Amino acid sequence: MGRTRRSVLSASLVLAVSVAVPVFAASAQATGNPRATGGGTTFELGERSTFTFSAVQTPNGVAGHMLYNIRVVDLVIHMDIDCLNITGNSAKLSGVVTSVQGDPPDYVFVGQHAVFTVTDNGQGGQAPPDLISDVFLFPEASCNAAFTPPPYLPVAGDIQVS
């Protein structure tokens, strides 16, 4: 009877491991994808701007989105992010503007390409603030291009690059 019970326990353990390992492996693989996410507030020309973004590298490319509210010019930009390049604790992201609200200047329009850079300076009270660059909009804007906008605006919020 001890042997039967041990066999049932062994069989149960093998079954549990065989079910859990693929789930864990898939989960670990998904969390290991390069990504940049964040949101917060910064000040531009004395006015508060708010933003949120998320981009993850998948087997099919980069999937992501950004929402940027630039209050000094009463402008809200929505953007699909389709390019992500990570170097150390910084990420350069680019994509295409999908929606514009407000009274945009001529160079801000649906279909325009845009690029921006973020820096993750760590966590905790002793870490310097995370940074974001301006969002640059021009036809050749790409995270694969040589131009890298310098992240200089301190963020009250959090940016994660991994």
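Quick word on the overall build of the chain
Part 1: Helix and strand content of the chain: one helix and 10 strands.
Part 2: Along the chain, helices and strands appear, N-terminal first, in the series α-β-β-β-β-β-β-β-β-β-β.
Part 3: Per-residue burial for the chain yields a buried fraction of 33% across its 162 residues.
Part 4: For the chain, the exposed surface amounts to about 9,300 Å²; the carbon and sulfur share of it is 60%.

A few points about the environment of Ser-162
Part 1: Relative to the elements of secondary structure, Ser-162 occurs in the segment after β10 (156-161).
Part 2: When the C-alpha positions of Ser-162 and Asp-120 are compared, they lie 9.1 Å apart, and in sequence the two are 42 residues distant.
Part 3: With sequence-adjacent residues up to four places away left out, Ser-162 is seen in contact with Asn-33, Pro-34, Arg-35 and Ile-86.

Here we look at the side chain of Thr-42
Part 1: If you trace the backbone, Thr-42 turns up in strand β1 (residues 35-44).
Part 2: There is a polar contact of 2.8 Å between the side chain of Thr-42 and the backbone oxygen of Pro-154.
Part 3: Each residue touching Thr-42, except ones within four places of it in the same chain, is listed here: Glu-47, Arg-48, Ser-49, Tyr-68, Ile-132, Leu-153 and Pro-154.

Here's the deal with the packing of aromatic side chains
Part 1: Under the counting rule described, the total for this entry stands at five aromatic pairs.
Part 2: Here Phe-51 and Phe-53 contribute two aromatic rings whose centre-to-centre distance is 6.2 Å and whose plane-to-plane angle is 20 degrees, an arrangement assigned as stacked.
Part 3: By relative accessible area, which is 5% here, Phe-51 ends up buried.
Part 4: Using a relative accessible area of 3% as the deciding quantity, one classes Phe-53 as buried.

Thoughts on the state of the cysteines
Part 1: If you walk through the whole model with that rule in mind, you get one disulfide.
Part 2: Here Cys-83 connects covalently by a disulfide to Cys-143, the sulfurs 1.8 Å from one another. For the disulfide bridge between Cys-83 and Cys-143, the dihedral angle about the S-S bond is near -70 degrees, and by the sign convention the bridge is left-handed. Of this pair, Cys-83 sits in strand β4 (residues 75-87) while Cys-143 sits in the loop between β8 (136-137) and β9 (153-154), and the two are 60 residues apart along the sequence.
Part 3: Cys-83 gets classed as buried once you look at its relative accessible area, which sits at 9%.

Digging into the pairing of β1
Part 1: The buried fraction of β1 is high, at seven of 10 residues.
Part 2: Linkage of β1 to strand β2 (residues 47-58), two consecutive antiparallel strands, is achieved through a turn of two residues, within which Leu-45 is found at a positive phi near 50 degrees.

Concerning a nonpolar patch on the surface
Part 1: Nonpolar side chains collect at one region of the surface, where Leu-45, Val-72 and Val-73 lie side by side and expose about 290 Å² of accessible area between them.
Part 2: Looking at where Val-72 falls in the secondary structure, it is placed in the loop between β3 (61-70) and β4.
Part 3: Taking the relative accessible area as the measure of exposure, Val-72 reaches 32% and is therefore partly exposed.

Some remarks on the confidence of the model for the chain
Part 1: The predicted model of the chain averages 85 in pLDDT, with 81% of residues at 70 or higher.
Part 2: Counting contacts from residues 1-30, a segment whose pLDDT is below 50, to residues more than four positions away or on other chains yields two contacts.

Some remarks on the pairing of strand β5 (residues 90-102)
Part 1: Judged from the 12 bridges that link them, β4 and β5 form a sheet pairing that is antiparallel. Following the sheet pairing, Cys-83 is matched in β5 by Ser-94.
Part 2: Hairpin remark: β4 followed by β5, antiparallel, with two residues in the connecting loop; positive phi at Gly-88, about 60 degrees.
Part 3: Pairing of β5 with strand β6 (residues 113-119), which is carried by seven bridges, proceeds in the antiparallel orientation. Among the inter-strand pairings, Ala-91 is bridged to a residue of β6, identified as Val-118.

So, how was this worked out
- Residues numbered from 1 in each chain as written.
- Predicted model: local features only at pLDDT ≥ 70, side-chain atom pairs only at ≥ 80, totals over all residues.
- Heavy atoms only, no water.
- Helix = DSSP H or I, 4+ residues; strand = E, 2+ residues; numbered from the N terminus.
- Buried < 20%, exposed > 50% of the residue type's maximum accessible area, 1.4 Å probe, protein only.
- Areas by Shrake-Rupley, 256 points an atom, 1.4 Å probe, with all protein chains shown as cover.
- Contact = heavy atoms within 4.5 Å.
- Polar contact = N/O pair within 3.5 Å; in protein donor to acceptor, adjacent residues only side chain to side chain.
- Phe/Tyr/Trp six-rings, centres within 6.5 Å; stacked < 30°, edge-to-face > 60°.
- Disulfide = S-S within 2.5 Å.
- Pairing = 2+ DSSP bridges.
- Patch = residues over 30% accessible without salt bridge, like charges linked within 9 Å, V, L, I, M, F, W, Y side chains within 5 Å.
- Salt bridge = Lys/Arg side-chain N within 4 Å of Asp/Glu carboxyl O.
- pLDDT = per-residue confidence, 0-100.

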